[in-house]
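Coordinate analysis (summary)
The residues making up each chain are set out below.
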Amino acid sequence: MNGFSIKELCCLFCCPPCPGRIAAKLAFLPPQPTYAIVPDTEAQSTGGSSRGATGIMGRWKLHLTERADFQYSQRELDNVEVFMTKSNRGNRIACMYIRCVPGARFTVLFSHGNAVDLGQMSSFYLGLGTRINCNIFSYDYSGYGASSGRPSEKNLYADIDAAWQALRTRYGICPENILLYGQSIGTVPTVDLASRYECAAVILHSPLTSGMRVAFPDTKKTYCFDAFPNIEKVSKITSPVLIIHGTEDEVIDFSHGLALYERCPKTVEPLWVEGAGHNDIELYSQYLERLRRFISQELVVQQSN
C-alpha cells in the first residue's frame, strides 16, 4: 500500500470511479524485475537436469540480476526450483519452490508484499523455511517479476489459484500439509483462497481489512465498489488463522489486524508486536518464536487429535 495525498486520492476516485483502476493505483507497485526465468537448454538437450552457475534443476533456470539483493551459493541453488504456470485469466505466473528442509511436514504457500518480487524475497524464504522447518512455495503476481500481464484485484485471485493448483499437482502436496501465508497486499489473495479451500492453517502478516479502509480510515462499512474486502471473507475461513501485526504500523494501521481477529471465528492466539511497523516485524524475536510454536506445537497437536 502506498501513501497518497488528499488531492491525489480525490483524483483517483473521480472521472470515472472505476474500482479496478483505483485498486491498482493504490495497491500495486511492481519493482523492476530482479530475476529472469530462462529455458534450461542444456537439460533439455541432454534429457537430464542442469545445475549451472545460474541454473536450477529441470527445464528452467533462475538468473538473478544485479538488482537482486542476494546471490545464491551452489548448495542453495540446488534446492530451488523455478517454473512458469498459467492462470485462468491467461497470464504466465512465475513460481518458486524451495526445499528448505528434507522431509518437511508442511509447505508454506507464501504471497509476498508490495514492491518486491521472487528475486528479492528468495533469501528471506531460504532463511524462514529453515528456521520454521517448512518448505516454501511462492509466486509472483501478474505484472511482477517474470509474471506476465498487469496487476489487478481479479488477477491476484487467479494468480494464487494457479499457484495452489501447481503446488498440489506438480508436487503432490495435500491441503492438510499446506500453510497459506500472506503479507500485506499478499493477505488479499490468501484470504480469498482460504475462504474457498481448507488447508492446514493461515497466517496473515500485517493484513488489511479492505482498500477503502486503508485509504479512508473512518470507513465503517464495506461498499460494493470497495477493493480487497478481507473483512467480508475472513469469517468464511475454516482453517486455524494466526494474525501478526505491528502496533506502530504506518502503512496498514494496527486496527486492521484487530478487526480481522475479532471477525475471524478460527483465530489462534495472535501476535501483536509492540513497537513494530509495517516492514520490520521479522526483526523481532517474537516473530520466529510465535511461528515455531504455532507450526511445530499447536498445529501438530491439532492434527493428531
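Residues numbered from 1 in each chain as written. Predicted model: local features only at pLDDT ≥ 70, side-chain atom pairs only at ≥ 80, totals over all residues. Heavy atoms only, no water.

**Brief notes about the overall build of the protein**
Looking only at helices and strands, the protein features 11 helices and 10 strands. Counting all 305 residues of the protein, 54% fall into the buried class. Summed over its atoms, the accessible surface of the protein is roughly 13500 Å², and 51% of this surface lies on carbon and sulfur atoms. (Helix = DSSP H or I, 4+ residues; strand = E, 2+ residues; numbered from the N terminus. Buried < 20%, exposed > 50% of the residue type's maximum accessible area, 1.4 Å probe, protein only. Areas by Shrake-Rupley, 256 points an atom, 1.4 Å probe, with all protein chains shown as cover.)

**Notes on the side chain of N114**
Residue position: N114 is located in the loop between β5 (107–111) and α5 (118–132). For N114, a relative accessible area of 14% translates into the label buried. There is a polar contact of 2.9 Å between the side chain of N114 and the backbone nitrogen of L29. (Polar contact = N/O pair within 3.5 Å; in protein donor to acceptor, adjacent residues only side chain to side chain.)

**Concerning the sheet that holds β5**
Hydrogen bonds between backbone groups are what pair the strands of a sheet, and the pairing can be parallel or antiparallel. The sheet built from eight strands is open, its strands ordered β3-β4-β6-β5-β7-β8-β9-β10 with mixed pairing. Taken across any chain shown, the strands that pair with only one partner, and hence form the sheet edges, are β3 (80–86) and β10 (271–273). Between one strand axis and the next, the sheet turns by 15° as a mean value, whatever way the strands run. The pairing of strand β4 (residues 92–98) with strand β6 (residues 135–139) spans four bridges and is antiparallel. Across the sheet, the residue bridging to Y97 is F137, located in β6. Against the sheet, α5 makes contact with β4, β5 and β6, and its axis sits at roughly 35° relative to β4, the strand it touches most. Along the sheet, helix α10 (residues 254–263) contacts β9 (241–246) and β10; its crossing angle with β9, the most-contacted strand, is approximately 160°. (Pairing = 2+ DSSP bridges. Axes fitted to C-alpha atoms, helices over the stretch in contact; angles between N-to-C directions. Contact = heavy atoms within 4.5 Å.)

**A look at the pairing of strand β2 (residues 60–64)**
The alternating pattern of β2 places W60, L62 and L64 on a buried face, while none of K61 and H63, on the opposite face, is buried. Where strand β1 (residues 35–39) meets β2, five bridges bridge the pair, whose relative direction is antiparallel. Along β2, the bridge assignment pairs Y35 with L64.

**Looking at the packing of helix α6 (residues 153–171) against helix α7 (residues 187–194)**
α7 packs onto α6 with a crossing angle of 65° between their chain directions and a minimal axis gap of 9 Å. Like other packed secondary-structure pairs, α6 and α7 cross with a definite hand, here right-handed. Packed against α6, whose contacting residues are L156, Y157, I160, D161 and W164, the element α7 presents V188, P189, T190, D192 and L193 at the interface. When grouped by side-chain class, the residues that make up the contact of α6 with α7 number seven nonpolar, one polar and two charged. (Left-handed = near helix turned anticlockwise from the far one by under 90°. Nonpolar A, V, L, I, M, F, W, Y, C, P; charged D, E, K, R; others polar.)

So, to be careful, I would describe these as geometric facts and stop short of saying anything about function.
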